[in-house]
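Fold and geometry: a report
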Amino acid sequence: MEQIKNEKQMIAYGKKLARELKPGNILCLSGELGTGKTTLTKGIAHGLGIKSEVLSPTFTLMNVLPIKDKKIKNLVHIDTYRLKDEEELLDIGVLDYLGAPDTICIIEWPEKIKNLLKDKRVKKIKIKHSDAGRDIKII
Ligand SMILES: Nc1ncnc2c1ncn2[C@@H]1O[C@H](COP(=O)(O)OP(=O)(O)OP(=O)(O)O)[C@@H](O)[C@H]1O
Ligand SMILES: [Mg+2]
């Protein structure tokens, strides 16, 4: 468990975490509203060399962020908060990316797509509000 005091530290944690991620990884970020899932994703994106702004995919459901000069072709950022059913993600081609050997996927609210993930190997991170800011735990 690690304590993250502010947004800047969350970005830094994400940058560090990016070094441990491998193509094909699926990273599930659990935590209540506003715990910093998107902020952590921004840090990971920076760490992977992505220069463009990372916007929350709350309405788009899935953002594909291309990565240059790496074995990893895309960082795919998924947010299921507003998802009605899993079909909606299937319709926009999520299976092209989930676990694909040239892609890293990050999923906010992974609990909502349990069925899509049940036969995939995932890494889990849990973020909680705490007195110090946020507690972050790799499960
Ligand atoms: N220790 C911290 N780590 C990350 N963010 C923090 C921290 N302390 C305060 N914040 C603030 O909390 C907010 C986190 O927002 P963010 O969009 O990253 O959360 P989220 O978990 O993605 O929310 P949502 O569930 O709505 O998608 C930011 O405004 C950030 O400035
Ligand atoms: Mg978010």
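Let me begin by describing the structure that accompanies this report. Predicted model, so just to flag it, every value in this text is computed and none were measured. Here the residue index of a chain counts from 1 through its sequence in written order. Note on labels: chains are lettered from A, ligands numbered from 1, in written order. Where local features are concerned, this predicted model is filtered to residues with pLDDT of at least 70; where side-chain atom pairs are given and counted, the filter is 80 or more; whole-chain, interface and lining totals use all residues. Excluding hydrogens and water, the side-chain figures rest on all heavy atoms present in the structure.

Residues are classed as near a molecule or strand on a simple rule: at least one heavy atom within 4 Å of it. Ligand 1 sits among 17 residues. The nearest are Ile4, Glu7, Lys37, Thr38 and Thr39. Any N or O atom pair separated by 3.5 Å or less is treated as a polar contact, with the protein-specific requirement of one donor-capable and one acceptor-capable atom, and with residues adjacent in sequence counted only for side-chain atom pairs. Residue lysine 37 places a side-chain N or O atom 2.7 Å away from an oxygen atom belonging to ligand 1. Contact distances for ligand 1 include 3.1 Å between an oxygen atom and a side-chain N or O atom of glutamate 108. Going through the elements one at a time, helix 1 (7-18) and helix 2 (37-47) are the ones with two or more residues in the shell around ligand 1. The helix and strand labels rest on DSSP assignments: H or I over at least four residues marks a helix, E over at least two residues marks a strand, and numbering proceeds from the N terminus. In terms of residues, the shell around ligand 1 owes the most to one element, helix 2, which gives 3 residues. For this classification, Asp, Glu, Lys and Arg are treated as charged, while Ala, Val, Leu, Ile, Met, Phe, Trp, Tyr, Cys and Pro are nonpolar and the rest, including Gly, are polar. Of the residues contributing to the shell around ligand 1, the split by class is 4 nonpolar, 6 polar and 7 charged.

Attention now moves to the side chain of glutamate 108. Relative to the elements of secondary structure, glutamate 108 occurs in strand 5 (residues 103-108). No salt bridge is formed by the buried glutamate 108, whose closest oppositely charged neighbour, lysine 37, lies at an N-O distance of 4.5 Å. Non-local contacts of glutamate 108, meaning those with residues more than four positions away in its chain, are made with Leu29, Lys37, Thr38, Thr41, Pro57, His77, Ile78, Asp79 and Thr80. Burial classes follow relative accessibility: with a 1.4 Å probe on protein chains only, a residue under 20% of its type's maximum area counts as buried, one over 50% as exposed, and anything between as partly exposed. His is not counted, nor are the chain ends, whereas Lys and Arg count as positive and Asp and Glu as negative. A side-chain nitrogen of Lys or Arg and a carboxyl oxygen of Asp or Glu constitute a salt bridge if their distance falls within 4 Å. Any two residues whose heavy atoms approach within 4.5 Å are treated as being in contact.

Everything listed here is a matter of geometry and, on its own, says nothing about what the molecule does.
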